[in-house]
Every structure is written in C-alpha cells, then in structure tokens.
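Below, each chain spelled out in residue letters.
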Protein chains: 2
Amino acid sequence: MAARPVGEPDDSVFELVETDLPELAEGQVLLRTVYLSLDPYMRGRMSDAKSYAAPWQVGDVMQGATVCEVVESRSERRAPGDLVLAYTGWQTHAVVDARHMRSIDPAAAPISTAVGVLGMPGFTAYAGLLQIGRPQPGETVVVAAATGPVGSAVGQVAKVKGARAVGIAGGEEKCRALTEELGFDAAVDHRSPTFREDLAAATPDGIDVYFENVGGPVFEAVARRLNKFARIPVCGLVANYNATSAPEGPDRLPGFMNKVLTLSLTVRGFIQDEFVAEHEADFQREMAAWVADGSVRYREHVARGLENAPEAFRGMLSGRNFGKTLVQVGDDPTQA
Amino acid sequence: MAARPVGEPDDSVFELVETDLPELAEGQVLLRTVYLSLDPYMRGRMSDAKSYAAPWQVGDVMQGATVCEVVESRSERRAPGDLVLAYTGWQTHAVVDARHMRSIDPAAAPISTAVGVLGMPGFTAYAGLLQIGRPQPGETVVVAAATGPVGSAVGQVAKVKGARAVGIAGGEEKCRALTEELGFDAAVDHRSPTFREDLAAATPDGIDVYFENVGGPVFEAVARRLNKFARIPVCGLVANYNATSAPEGPDRLPGFMNKVLTLSLTVRGFIQDEFVAEHEADFQREMAAWVADGSVRYREHVARGLENAPEAFRGMLSGRNFGKTLVQVGDDPTQA
C-alpha cells in the first residue's frame, strides 16, 4: 500500500515491489501463493478511521487470506507440497512461522473454497444468518450483493432452513443466475427503475430477515418492507466504504430509529470472529455437506496475476464481479 | 381529541366536552377516575403515521390508563368502592364492562403506582433493561430522561444488578436528584455546553447499555462512548414525536450503521407487550420488593383537574415534568 486511498482505490495507492526472500529460520516455511482472497473488509483497513481492527500502514504489504503451497520447510509441522490456508497477503511468496497456517484437504473440495464458501465468507453467512437472523420456515430472507460469496451462501442456507430467499443484485445476468443457478425464490435488480415495486412484488409477505452487507439506497427500499420483529444482521456496508464524508441530508437516522421502535426491529452488527469458537466446527461439517450435495453452490471470479489484484479489488467493491473474487497468483497444483 | 396536532399539541387539539352517562347494562360498572396516566406513546397515537398501533381518530376520547374507583356495579365481579386499573382515558367517569380492569391492592403501595413504577412504565424499564440490555456486574448503563418513570427505574434496576448507572437529564435540579435521591452513580445535564465532555467523564469505561427513550442529540453523544458489543434497547423517541418531517442533513444514518458494524452493536426496538406473558409476574414480585426495601424509588408530577391534562401532557413531552406525570381527576379515597 503506497498511499491511503481517498474514495475508490486507484492504481496510485498500490505499488508492486520486488525484494529478496530472507533465509528460513528454524520453525519457518517458505510459502508460494496460489490464490489470494479479495474481500470488502480490506477497503476499511486501508483507511485510518476507527474500526474493529487497527488500520494498515502506508508502506506495508496489503494483507489478506491466501491459499499457499509449502515450497521449503524448516519445521516438522509442514513438508514441501503441503497446501495451506495462510494470511500472507498480496505477495507471491512469504516466509512465515509454520504454526501460522491451517491445512487444506485438496480431496474434500477445490482448494480455492478455503477462502470462499468453506472459508471466512461462508462462515460469515452461516453464523450471521443462523445466530442473528434465525430464519424460521416460511419466513422471507432478503440479502443484497446476493451473487457475492456471502450473499449467495446466505440465500442458499436460508433455503436449507425452509425460508423464502430473495436476492438483490445488479443487472439482469446476475438476477437470472440467482434464480436459475443458485436456487433463490426471487431476484430483484437494484439498478432497475422499478426496483422498489419489484422488491415489493418479490416479498408479498414482507421481510423477516434482511442480511445487510451493502448499505446505501438498497437498505431504504428494504426498510419499507420489514415485518414486525424483523432481524437485520449487519456484516458489511460496501456502499459506504469508499465514502469520504457524511452524505447530504435529509437526515434519515430519526426515521430509521422510529422504524426500529415501531416494528420492534433487531439490528445487530457482527464480525464473524465472535462466533468462531462456538460454531466453526458445525459450519465446516454442515457447509461441506451442503456443498457436496448441491444445496449450496458457489461461483468464483478469478483474476490472473498479482499485478491485476488492484483492478479485481475495485471490481469487487463496485459490484462488477460475480461470486467470490480471487487472484490466482501462481499455478494451482490440483489443476494439472 | 378535536384535531390532529402538528408539532406540539396545543390547546386547539383538545376539547372538554360534557355528555350524559349511559344506563348501566348487565355486566357493566360505573367508574370514577382518580388518576389519569400521561405517557409519551400518546403523542404517537395522535398522529396518523404508521406505528405499532392504530392511530386515534379525531373526535374520539383521548385514551389512557387510569386508576379508578367503582361507583356502581351491575356485575358480580366488582363492588362499589373497589379500586381498579382500567383504560378509560381522559374522562371523569366511564361505563365499562367489568372484565376490562384489574384489581389494585391499596395496602401494597400507593394506588398511583399502578400506572407508574409498578405499572407499564416500570415494566418497560424492567423488561427492556433485563431482556435486551442484559447488564452485567461492573458494566455501565446509561439512560436518558432519567428522572422520568421509565428512566429512573432503568437506572435503579441496573444498580440492583451490580452495574454502574449514569443518568442524563435536563437541568441541575434533576441531575442532583438522580445522584442524591435515586442512587445513580453519576448524572449528566444534557443542557450543559460541556455535555459531551461531561458524559465522557461520567463513563470512564465507556457505555455497555444505552437505554434509548428520548432520541435526538443525546443519542449522538452517547454513540461516541459505546463499547464493543453494546446493547441499545429502544423504547421511545420523545424527541422525535413532535417532528413533522425528516430533519435537515447531513444524513447520519450511514455513519450510525458503520458504528453498528464496527462495534458489533445490538439495537433492538420493543414495546413492553411482547414481554408481558413471560415476565410480568416476575416483575410484579421483584419490583414490589425493590420498592418496598427502597432499592427503587420514584417521584410523581401530579396535575390537578382534567382541564389541566393538556398542559401536563406538554410538560411531559418537553421534559419540564419530574417523574411520572399523572392527572388527579378526582379524590383519592386512600388519602383521607
């Protein structure tokens, strides 16, 4: 990260730098990055606004979860050829402590899913929907950014639980994929001039759970359809991440709080971390089974080459990508 | 109600009308109003905006909870002289079905408490604080309108549960009463030019529970002090009740939602009704004991005469009153 972005992070805030790798110390391994995960939270960390985690510093390597192959090892824990989930960020190689990674079983699922449907985004959907949203059979669950890695899992897990799943996405192609490919009951295009009416038509019984991962104008339309006692897990606000100041008025906060009051709404922000200790094992078991039996499907947007990470990152933030955004930094040894 | 109010309800929206009482039918009783309860929710019902209950209609008698004495009875359920909690509204007498009332035991506590600390306001505090706020020993609970019937119970019940109670009120006299009379750990005057700094000083460990019953600028100052995982039960927004349109910008909603996200806040609107079935019996038992042993104290603002109800109502909405606002409509037979 060469500079803090103002608004959308253009090329000037990134710099591609080559450095020599250090010698391996005892207990360390050399990792080769296969896939780099790009996630919305990264935009937040690039700013120095107060958040749930400390901001990154200018000059640091951009952080991020990675799927890596062990190339060299000076630890008994890992051997060359091992595939691991690590947090080595936007780089082709890294020398790290062998304890700071988790094994990936390439026989269980494509290794890229370790940062997708079977990784943090999938767990965010699973924990937020089931622990906060608590959808009941027959209730209506609405999620925006519905073709993204979190949103697509939210809708499909809602279906598994017997709820009606309505996805909001940008553009006809994405909407068609939601109903035809991902099994949503209905899809609504937020770019349509009739978005508000379309959402009403897609939610004839109102909305019981709105999984909030975008913010912005979509939320306003959703708010009009909320039922009494609706639950709103809030896990992301991509629409606000590039904002540089409070938008112009009118001030919608009092109206929103009135709605919270009159509808007895539950609005609950969360980061998936808080649920890991109690629910991660259940997640791995249940989600792997749902992926295996086709209940939960996923799509990936894979950019090739580390040099294309900034453009892929912007595409994810602006909704141009479909599914989980990854950068393939090196060869995938499972795809011979 | 002679007209729907726009903004503060002035005298023109009320009309004092005399009518003949109907004959008692079988099963009915004639009630004489002793105390009329004035509550913030009434302002909401006078508007025709969508809310959790249908709006009142122009020409209707203003509704409200009352403490009444039975004057005549054509029911075996009630005898003349019985004291009851009813919902007969802003009138001196009413003929109603004998099933639509609850007994009040005048030996247990002053009968006016049936619409105060041992009635709906006390239960609102009890249920919202304990079921949503869930204060833990050592945590900090902040409540605004802290000398009101809900706020004063919130702070004192928080103390019973081992939390630090900080009250926000308007004016030195109210603030002094909070710490000297009601046992709050600290009180902050929201009219002070140093309100924000005072609140920070009174909450050195941040805020874990904010019981929201006012809305408006107080909330903004509180939001800066919220701790991670803070809970915000929302039971009233008096500051907004007289508002006629969305206030001017900037739009604070995105910033608020960012805070919900980054602090993993729980914001939960509620009306006390939803907790009655499960928690009312516990409330009656526990709160009566706390009142009896002095753990929970209360104050009343009693206006005399039904003709003074509109002014007392405005005083309550604007924070001029201290404690539970009542109108004594007729003689209290327990005060000889």
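Fair warning: this is a prediction, and the values are worked out from it, not measured in the lab. (Residues numbered from 1 in each chain as written. Chains lettered and ligands numbered in written order. Predicted model: local features only at pLDDT ≥ 70, side-chain atom pairs only at ≥ 80, totals over all residues. Heavy atoms only, no water.)

**Focus: the relation of the copies chain A and chain B**
Aligned on chain B, chain A shows an RMSD of 0.0 Å; the corresponding rotation is 180° and the shift along the axis is 0.0 Å. Overall, the copies show the geometry of a two-fold rotation axis. Measuring from the rotation axis to each C-alpha of chain A, the shortest distance belongs to G249 of chain A, at 1.6 Å. Of all interface residues in chain A, 100% are interface residues in chain B too; the two copies therefore contact each other through one and the same surface. (Least-squares fit on C-alpha atoms with pLDDT ≥ 70 in both. Contact = heavy atoms within 4.5 Å.)

**Some remarks on empty space enclosed by the protein**
Scanning all chains against the criterion turns up two cavities of 30 Å³ or more. Here the largest cavity is characterised by a volume of approximately 70 Å³. Every residue lining the largest cavity is listed: S112, T113, G116, V117, P149, S152, Y298, R299, E300 and K324 of chain A. Within the lining of the largest cavity, the residues separate by chemical class into three nonpolar, four polar and three charged. Taken as a whole, the second largest cavity encloses approximately 60 Å³ of empty space. In terms of lining residues, the second largest cavity is bounded by S112, T113, G116, V117, P149, Y298, R299, E300 and K324 of chain B. For the lining of the second largest cavity, the per-class residue count stands at three nonpolar, three polar and three charged. (1 Å grid on protein atoms, 1.4 Å probe; cavity = no way out; pocket = protein on both sides within 12 Å on 5 of 7 lines; lining within 4 Å. Points joined across faces, edges and corners; volume = space filled by probe spheres on them. Nonpolar A, V, L, I, M, F, W, Y, C, P; charged D, E, K, R; others polar.)

**Overview of the packing of aromatic side chains**
Under the counting rule described, the total for this entry stands at 23 aromatic pairs over all chains. Where F123 of chain A meets Y126 of chain A, the ring centres are 6.4 Å apart and the plane angle is 25°; that geometry is what we call stacked. Taken together, the residues F123 of chain A and Y126 of chain A, both in helix α2 (residues 120–133) and three residues apart, mark about one turn of the helix. Note on accessibility: F123 of chain A and Y126 of chain A belong to one class, buried. A ring pair is formed by Y126 of chain A and W290 of chain A, whose centres lie 6.2 Å apart and whose planes are at 45°; its orientation type is tilted. Of this pair, Y126 of chain A sits in helix α2 while W290 of chain A sits in helix α9 (residues 273–292); the two residues are 164 residues apart in sequence, bridging distant segments of the chain. Pair check on accessibility: Y126 of chain A and W290 of chain A agree, each one buried. Taken together, the ring pairs in this structure connect Y210, F219 and F256 of chain A together with Y210, F219 and F256 of chain B into an aromatic cluster. Its guanidinium or amino end placed over the ring of F322 of chain A, R299 of chain A lies 3.7 Å from that ring's centre, counting from NZ or CZ. (Phe/Tyr/Trp six-rings, centres within 6.5 Å; stacked < 30°, edge-to-face > 60°. Helix = DSSP H or I, 4+ residues; strand = E, 2+ residues; numbered from the N terminus. Buried < 20%, exposed > 50% of the residue type's maximum accessible area, 1.4 Å probe, protein only. Lys NZ or Arg CZ within 6 Å of the ring centre and 35° of its normal.)

**Describing helix α8 (residues 253–262) of chain A**
Residues and elements named next belong to chain A. When you tally the buried positions in α8, you get seven out of 10 residues, the bulk of the element. Within the span of α8, buried status applies to L253, P254, F256, M257, V260, L261 and T262. Once α8 ends, the next one or two residues include S264, with phi positive near 50°.

**Considerations on the interface of chain A and chain B**
Every contact between the two is made by 37 residues of chain A and, on the other side, 37 residues of chain B. Note on chain A versus chain B: buried area summed over both sides is about 3,200 Å², and carbon and sulfur give 66% of it. For the pair chain A and chain B, the interface holds two salt bridges. Notably, a salt bridge pairs R252 of chain A with D251 of chain B, separated by 2.5 Å at the nearest N-O pair. For the interface between chain A and chain B, the tally reads seven residue pairs in polar contact (both at pLDDT 80 or more). (Buried area = accessible area lost by both parts, 1.4 Å probe. Salt bridge = Lys/Arg side-chain N within 4 Å of Asp/Glu carboxyl O. Polar contact = N/O pair within 3.5 Å; in protein donor to acceptor, adjacent residues only side chain to side chain.)

**Points about the sheet that holds strand β8 (residues 186–189) of chain B**
Spatial strand order, β8(A)-β7(A)-β6(A)-β9(A)-β10(A)-β11(A)-β11(B)-β10(B)-β9(B)-β6(B)-β7(B)-β8(B): 12 strands in an open sheet with mixed pairing. A strand with exactly one partner marks an edge of an open sheet, and here the two such strands are β8 (186–189) of chain A together with β8 of chain B. Going across the sheet, the axis of each strand differs from the next one's by a mean of 15°, ignoring polarity. Strand direction decides the pairing type here: strand β10 (residues 226–234) of chain B and strand β11 (residues 266–269) of chain B, joined by four bridges, are parallel. Counted as the bridge partner of P233 of chain B is R268 of chain B from β11 of chain B. (Pairing = 2+ DSSP bridges. Axes fitted to C-alpha atoms, helices over the stretch in contact; angles between N-to-C directions.)

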